[in-house]
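# Report on the structure
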Amino acid sequence: MGQRIDVNHLNIYYGDFLAVEDVNLNIEPNKVTAFIGPSGCGKSTVLRTLDRMHEIIPGAHVKGEVLLEGRNLYAKDVDPVEVRRDVGMVFQRPNPFPTMSIRENVLAGVRLNNRKISKSDADDLVEWALRGANLWNEVKDRLDNPGIGLSGGQQQRLCIARAVAVHPQVLLMDEPCSALDPISTLAVEDLINELKNEYTIVIVTHNMQQAARIADYTGFFNLKAVGQPGHLEYFTDTATMFNNPQNEEAERYVSGRFG
Ligand SMILES: Nc1ncnc2c1ncn2[C@@H]1O[C@H](COP(=O)(O)OP(=O)(O)OP(=O)(O)O)[C@@H](O)[C@H]1O
Ligand SMILES: [Mg+2]
């Protein structure tokens, strides 16, 4: 089952620069939550704080809380490596490991976690993850071929299989379809729709139709001015966001009259 995330008074810094200010947000389990908003308003930055990837950047830090099922991910005794086991990430460009086969790509996260598994358990896991990512039938006869030999949409589904193979509770996706053609995009959207039965999903997208199609809740991030920190301007269920938003800036943005 997916886990819930509660963000309380989160301020996100790159060194001294306050990039995103005072985010308060409740992400429901087993739902898809979309982040939308203009470039530079902090969507990716917020997303990366949800699995402590933000801190990989030197000087980057946060103030405030991110609670995963009530447990603060930023508490002193929490190991960020463990957090990233519970919270998986899929990136904008499909990034299968270039020297690895399809099979080894799926197992890469598990191997990184230093979990020793038998050949037959590994076979089962590869099949389970690839079925979950809706890719099994397309690749089952060529698991030892290179992952980069797949189409863009297949590669992105391979990366999703790699992410789910470590059994996360939450899947974060930063514009996962922006490098894909429309057919592959729909395949990944169908998959996201199925995955929410198992996971909590947060997706950043610039594609309004995509947010409207797949998200249960949508957060609109905004910037007061260039150089100012981004903030969460408006958060609501997706139908309200796109049909009847109770926020003027959000209304201008979703109707394409922004800027
Ligand atoms: N590694 C970094 N170091 C310093 N500042 C950064 C870094 N990454 C992002 N920023 C700054 O943080 C702010 C938010 O950027 P972020 O990438 O989160 O925006 P975004 O909403 O994802 O934009 P886009 O839609 O273009 O992807 C911007 O002012 C950006 O310049
Ligand atoms: Mg971004």
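Below or above, wherever it landed, is the structure these notes cover. Values in this document were obtained by computation on a predicted structure and should not be read as measured data. Here, residues in each chain are numbered from 1, in the same order as that chain's written sequence. For naming, the first written chain is A and the first written ligand is 1, with later ones following in the order written. Local features are withheld for residues below a pLDDT of 70 in this predicted model, meaning they are given only at 70 or higher, and side-chain atom pairs are given and counted only at 80 or more; totals for whole chains, interfaces and linings count all residues. Only hydrogens and water are removed before side-chain values are computed, so all heavy atoms of the structure are retained for them.

### Things to note about the overall build of the chain
Secondary structure follows DSSP: runs of H or I at least 4 residues long count as helices, runs of E at least 2 residues long count as strands, and numbering of each begins at the N terminus. Per the secondary structure count, the chain includes 10 helices and 10 strands. Atoms considered for the radius of gyration are the C-alpha atoms alone. The globule rule reads 2.2 Å times the number of residues to the power 0.38. Taking 18 Å as the expected radius of gyration for a compact globule of 259 residues, we find that the chain reaches 18 Å, a close match to that expectation. Out of the 259 residues in the chain, the part that is buried amounts to 52%. In what follows, residue pairs with any heavy atoms lying within 4.5 Å of each other are defined as contacts. Excluding contacts between residues fewer than 6 apart, the proportion of contacts in the chain whose partners are at least 24 apart in sequence is 67%. Surface accessibility of the chain: about 12000 Å² in total, with carbon and sulfur atoms responsible for 48%. When charges are counted, Lys and Arg contribute as positive and Asp and Glu as negative, whereas His and the chain ends are disregarded. To locate a charge, take atom NZ for lysine, CZ for arginine, CG for aspartate or CD for glutamate. With 26 positive and 34 negative side-chain charges, the chain shows a spacing of 4 Å between the two charge centroids. Relative accessible area decides the class of each residue, using a 1.4 Å probe on protein chains only: under 20% of the type maximum gives buried, over 50% gives exposed, and in between gives partly exposed. Here the accessible surface of atoms and residues is derived via Shrake-Rupley with a 1.4 Å probe, and residues count as covered only by protein chains that are part of the display.

### Points about the packing of helix 3 (residues 102-112) against helix 6 (residues 152-164)
The axes are straight lines fitted to the C-alpha atoms, using for helices just the contacting stretch, and the angles between their N-to-C directions are given from 0 to 180°. Relative to each other, helix 3 and helix 6 sit at 40°, their axes nearing to 6 Å. With respect to helix 6, the axis of helix 3 lies oblique. Crossing angle aside, the handedness with which helix 3 passes helix 6 is right-handed. Contacts between helix 3 and helix 6 involve I102, N105, V106, A108 and G109 on the former and, on the latter, L158, A161 and R162. Taken together, the residues of the contact of helix 3 with helix 6 break down into 5 nonpolar, 2 polar and 1 charged. Roughly parallel means an angle under 35 degrees; roughly antiparallel, over 145; roughly perpendicular, 65 to 115; everything else is oblique. Handedness of each helix crossing follows the sense of rotation of the near helix against the far helix: counterclockwise by less than a right angle gives left-handed, clockwise gives right-handed. Note that Gly is not counted as nonpolar here; it falls among the polar residues with everything else outside the nonpolar set of Ala, Val, Leu, Ile, Met, Phe, Trp, Tyr, Cys and Pro and the charged set of Asp, Glu, Lys and Arg.

### A closer look at the site of ligand 1
Surveying the vicinity of ligand 1 reveals 14 residues, the closest of which are S39, G40, K43, S44 and T45. Here a polar contact means two N or O atoms within 3.5 Å. Within protein one must be a hydrogen donor candidate and the other an acceptor candidate, and residues neighboring in sequence count only if both atoms are side-chain atoms. At 2.5 Å, a side-chain N or O of S39 approaches an oxygen atom of ligand 1. Contact between ligand 1 and T45: an oxygen atom at 2.5 Å from a side-chain N or O atom of the residue. Protein coverage of the free-state accessible area of ligand 1, which is 630 Å², stands at 64%. If you list the elements that add at least two residues to the shell around ligand 1, you get strand 2 (17-27) and helix 1 (43-49). A class-by-class count of the residues in the shell around ligand 1 yields 6 nonpolar, 6 polar and 2 charged. Working definition: residue near molecule or strand if any one of its non-hydrogen atoms lies within 4 Å of it.

### Brief notes about the nonpolar core
In this structure, I36, V106, L130, I160, I192 and L195 are the most contacted members of the largest nonpolar core, which totals 47 residues. In this structure, L130 is in contact with I102, V106, L135, W136, V139, L143, L158 and A161, ignoring residues within four places of it in sequence. Nonpolar core, defined: a set of buried Ala, Val, Leu, Ile, Met, Phe, Trp, Tyr and Cys residues in which side-chain atoms within 4.5 Å join the residues together. I5, V7, V66 and Y74 belong to the second-largest nonpolar core, a separate cluster that totals 30 residues.

### Let's talk about the packing of helix 6 against helix 7 (residues 182-195)
Two elements in contact, helix 6 and helix 7, have axes whose closest approach is 9 Å; the angle formed by their N-to-C orientations is 20°. One way to sum up the angle between helix 6 and helix 7 is to call them roughly parallel. Helix 7 is crossed by helix 6, and the crossing has right-handed handedness. For the pair helix 6 and helix 7, contact is made by G153, Q156, R157, I160 and V164 and by S184, A187, V188, L191 and L195, respectively. Classifying every residue of the contact of helix 6 with helix 7 gives 6 nonpolar, 3 polar and 1 charged.

### Brief notes about the pattern of salt bridges
Should a side-chain nitrogen of Lys or Arg be within 4 Å of a carboxyl oxygen of Asp or Glu, the pair is scored as a salt bridge. Enumeration according to the criterion identifies 13 salt bridges in this entry. E104 is the salt-bridge partner of R103, the closest N and O atoms lying 3.8 Å from each other. With a relative accessible area of 25%, E104 lands in the partly exposed category. The structure contains a network of salt bridges with shared partners spanning R103, E104, R111, K119 and D123.

### Thoughts on helix 7
Helices are assigned an expected span. That span is 1.5 Å times one less than the residue count. Taking 1.5 Å of rise per residue, 14 residues should cover 20 Å, and helix 7 covers 20 Å from first to last C-alpha, within 8% of that figure. Residues of helix 7 that are buried include every one of S184, T185, V188, E189, L191, I192 and L195, and no others. Mapping the buried residues of helix 7 onto a view down its axis gives an arc of 160°, with all of them on the same face. Pointing more than 90 degrees away from the buried face of helix 7 are the exposed residues P182 and I183. In this structure, the buried residues of helix 7 make contact with strand 3 (32-36), helix 4 (119-132), helix 6, strand 7 (170-174), strand 8 (200-204) and helix 8 (208-214). Each direction from the helix axis to a C-beta atom contributes to the arc, which is the arc of those directions.

### Describing the packing of aromatic side chains
Centres within 6.5 Å are what make two rings of Phe, Tyr or Trp a pair, Trp counting through its six-membered ring; a difference in plane orientation under 30 degrees is then read as stacked, over 60 as edge-to-face, and the rest as tilted. Per the stated rule, a full pass over the model turns up 3 aromatic pairs. Seen in terms of ring centroids, F35 and F221 are 4.9 Å apart; in terms of plane orientation they differ by 65°. Their pairing is edge-to-face. Here F221 lies in strand 9 (residues 217-223) and F35 lies in strand 3, a separation of 186 residues in the sequence. Judged by its relative accessible area of 0%, F35 falls in the buried class. A residue is classified by how much of its surface remains accessible, and F221, at 0% relative accessible area, is buried.

These figures capture arrangement, not role.
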